[in-house]
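These are the residues of each chain, in order.
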Amino acid sequence: MATVIETRKLSKFYGKHRGVVDLDLAVEKGETFGFLGPNGDGKTTTIRCLLGMLKATEGESYVLGEKVTLDGSALRRRIGYVPGEVFMYEKETGRWMLDYMSGFRGGKGAREAELIERLEFDPSRRIKELSKGNKQKLALIIGLMHDPELLIMDEPTSGLDPLNQEVVFDIIEERVQAGATLFLSSHILSEVERVCARVGIIREGRLVADENMRDLFAKRQRELSVTFSDVVDPSVFGGVKGVEDIIAVDSRTLTATVTGDAVDELIKHLATHRVSDVTIQHASLEDVFMEFYRDEPIETAAAALGGDAS
Amino acid sequence: MSWTLFKGTMHQRRWHLFWFSASLVAFSWMMVWFWPQMGGADYAQLIETMPQEMIALFGDADISIASLGGFFQTEYLGLMWIVIVASAVIGYASKSVATEIGNGTMELLLSQPLSRSKFILTRMAGLFAYVLTISAATFVPIQIFGPGYDIDLSAETFWMLFGLGALFMLAIGSFAFMLSALSRDGGRPVAITSAMIAAMWIGAFLVQVSDFADALEPFNLLSYWEPGKIINEGALSTDAWWVYAGVATVSLVVAYVGFLRRDVT
């Protein structure tokens, strides 16, 4: 499988201020990669390095098989970029912006009309009259109208209502099904959870996890609640590795946290008892995410998920 | 060069350029119209009552104020024109790069298939278009309306004024453009270039009234702009062409190299 995005020891400093540090990242063709992290931890810096807008302090980046240079342009013909903060020419109309941006690609975007219709965008209005959500729609149309091979999106649904967010997710999924690769940067966890199969978590400019979404969840804790038909002793789970924090809610109900691959053994263990009810709550991506942002050293957080914080 | 970017640039600056050009056409025509009424012996008598230092505020005090060249230099081209035209080119230059970065629109532009080289060269082409337009807006009306008001400049004089005027403004605009290409805030190129022009104007004034500042004269761009001498004598020093072309070239090269290496967000 071809690597569409690759960074090798990419570092960017703004004077003494850290942007990203020693970032090693690889996104394969057709992947949907979520790049998670709070504001200011290096997500946008990474994207801007990938687009050749920022000069890397050290390391290098490759996009669609070509080395990223500051003066490159051919590469960007194959990329659709939706910025995190949308800044446009306020005095111009949406129509003018679409024509202007299309001009750089040699003609009108093949999907422009369709996207305008699906996102219910009115291109005749001036940019200064548009709400944040409508500006975001315009940025999405500009980024997607030429059917790019690679979508680089920085919080693409910011400012959109839930209905339009769904439309955007549908459009993204259609593009991915058609073979496009998605690099989605966000601090909105539900957004990443909705569309990405793999996720990288960045903290203080360093990649602390780069995992398959399923693996990432599997490594995290689940909340277990079991109600037995008979009175049980809290030590009933004794010996099942990965079951911790056992609390007796009453004489028949126990709660516990289940970590890693303990579920299979746990179910087998429960099968030896009469169980009247059981719930296992999966950790949301938010729970996973928060694991990385506890007040603990980066190395500890990375080690918890097998990531590399070096 | 990107034709799309050039068209977009000129579209966005159209009213800015139009109003500056229209003002210059009106100003030039007004000065042509004033000449028969204000020029000549009465005007010379009025000027002679002024202290030499005050005359020096408007440029070369050595030139005969009562002459056509002296009249145009004192009343128009020596100070007012510089202020108007410098405002136009500095405004264009600052918006070309630094304001785009400061406003965040550069990110959108450079995420399109547009190389930095094409971007900066196209914006330079816009600067050329600006200086040619405003130079034409200044000197073509003098040439067109002049014969009706006893002003008859030779074609050679007209082209000298047009060419040197454009090159002078290109030098100023290029300097501002260079600062713009290296800044991320449109206010800085405007402030620095305006301060530099003000300093040069003070320097030119000091040269007229004191020998103390003579050593600085070769470094003063304003000292090479002698429209009165061109109008009266139909000639000018070749140094002026070289200095303005040199400043413009160096500034634009630095702008190009600097922009290609810098962060643009």
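Right above here is the structure, for reference.
Predicted model, so just to flag it, every value in this text is computed and none were measured.

Considering the sheet that holds strand β11 (residues 222-228) of chain A
All names here are of chain A.
- Judged by pairing direction, the sheet is antiparallel, and its 4 strands sit side by side in the order β12-β13-β11-β14 without closing on themselves. The two strands at the open ends of the sheet, each matched to only one other strand, are β12 (243-248) and β14 (275-281). When the angles between neighbouring strand axes are averaged without regard to direction, this sheet yields 15°.
- Direction of pairing for β12 relative to strand β13 (residues 253-258): antiparallel, over a ladder of 4 bridges. Across the sheet, I247 pairs through a bridge with T255, a residue of β13.
- With respect to the sheet, helix α8 (residues 262-270) is in contact with β11, β12, β13 and β14, its orientation differing from that of β11 by roughly 0°.

Digging into the packing of aromatic side chains
All names here are of chain B.
- Under the definition given, this model contains 27 aromatic pairs over all chains.
- When the ring of W3 is compared with that of F6, the centres are 5.6 Å apart and the planes differ by 15°; the resulting orientation is stacked. Of this pair, W3 and F6 both sit in helix α1 (residues 3-12), separated by 3 residues, roughly a single helical turn.
- Accessibility expressed as a relative area gives 54% for W3, which makes it exposed.
- Through pairs of rings, three or more aromatic residues link up here, namely W81, F139, F168, Y224, W225 and Y244.
- Note that R116 overlies the ring of F259, its terminal NZ or CZ placed 5.9 Å from the centroid.

Observations concerning the sheet that holds strand β3 (residues 32-36) of chain A
Residue and element names in this part refer to chain A.
- Pairing in this open sheet of 6 strands is mixed, and the strands run β6-β7-β8-β3-β9-β10 from one edge to the other. Because the sheet does not close on itself, it has two edges, and the strands there are β6 (79-82) and β10 (206-212). In this sheet, neighbouring strand axes are inclined to one another by 15° on average, regardless of whether the strands run parallel or antiparallel.
- The sheet contact formed by strand β9 (residues 198-203) and β10 spans 6 bridges and is antiparallel. Opposite R203, over in β10, you have R206 as the bridge partner.
- Those strands touched by helix α4 (residues 132-144) are β6 and β7 (150-154), and its axis lies near 170° from that of β6.

Looking at the packing of α1 of chain B against helix α9 (residues 116-145) of chain B
Residues and elements named next belong to chain B.
- Relative orientation of the contacting elements α1 and α9 amounts to 45°, with a least axis distance of 9 Å. Of the possible angle classes, the one that applies to α1 and α9 is oblique. Where α1 crosses over α9, the handedness of that crossing is right-handed. Residues L5, F6, T9 and M10 of α1 touch α9, and the partners they reach there are K118, F119, T122, R123, A125, G126, A129 and Y130.
- In terms of residue class, the contact of α1 with α9 is built from 7 nonpolar, 3 polar and 2 charged.

So, the interface of chain A and chain B
- With 26 residues of chain A in contact, the opposing surface of chain B contributes 29 residues.
- Around 2,600 Å² of area is buried between chain A and chain B when both sides are counted, 55% of it from carbon and sulfur atoms.
- Summed over the three residues of chain A that lose the most area to chain B, namely M53, Y89 and F104 of chain A, the buried surface amounts to 25% of that side.
- Viewed at the interface, chain B and chain A are joined by 2 salt bridges.
- For R48 of chain A, the salt bridge goes to E107 of chain B, with nearest N and O atoms at 3.0 Å.
- Counting across the interface, chain A meets chain B through 18 residue pairs in polar contact (both at pLDDT 80 or more).
- Broken down by element, the side of chain A that touches chain B gets its largest block of residues, 5 residues, from helix α2 (residues 94-103) of chain A.
- Across the side of chain A that touches chain B, the residue classes break down as 14 nonpolar, 4 polar and 8 charged.

Thresholds applied
- Residues numbered from 1 in each chain as written.
- Chains lettered and ligands numbered in written order.
- Predicted model: local features only at pLDDT ≥ 70, side-chain atom pairs only at ≥ 80, totals over all residues.
- Heavy atoms only, no water.
- Pairing = 2+ DSSP bridges.
- Helix = DSSP H or I, 4+ residues; strand = E, 2+ residues; numbered from the N terminus.
- Axes fitted to C-alpha atoms, helices over the stretch in contact; angles between N-to-C directions.
- Contact = heavy atoms within 4.5 Å.
- Phe/Tyr/Trp six-rings, centres within 6.5 Å; stacked < 30°, edge-to-face > 60°.
- Buried < 20%, exposed > 50% of the residue type's maximum accessible area, 1.4 Å probe, protein only.
- Lys NZ or Arg CZ within 6 Å of the ring centre and 35° of its normal.
- Parallel < 35°, antiparallel > 145°, perpendicular 65-115°, else oblique.
- Left-handed = near helix turned anticlockwise from the far one by under 90°.
- Nonpolar A, V, L, I, M, F, W, Y, C, P; charged D, E, K, R; others polar.
- Buried area = accessible area lost by both parts, 1.4 Å probe.
- Salt bridge = Lys/Arg side-chain N within 4 Å of Asp/Glu carboxyl O.
- Polar contact = N/O pair within 3.5 Å; in protein donor to acceptor, adjacent residues only side chain to side chain.

Coordinates in, geometry out; function isn't part of it.
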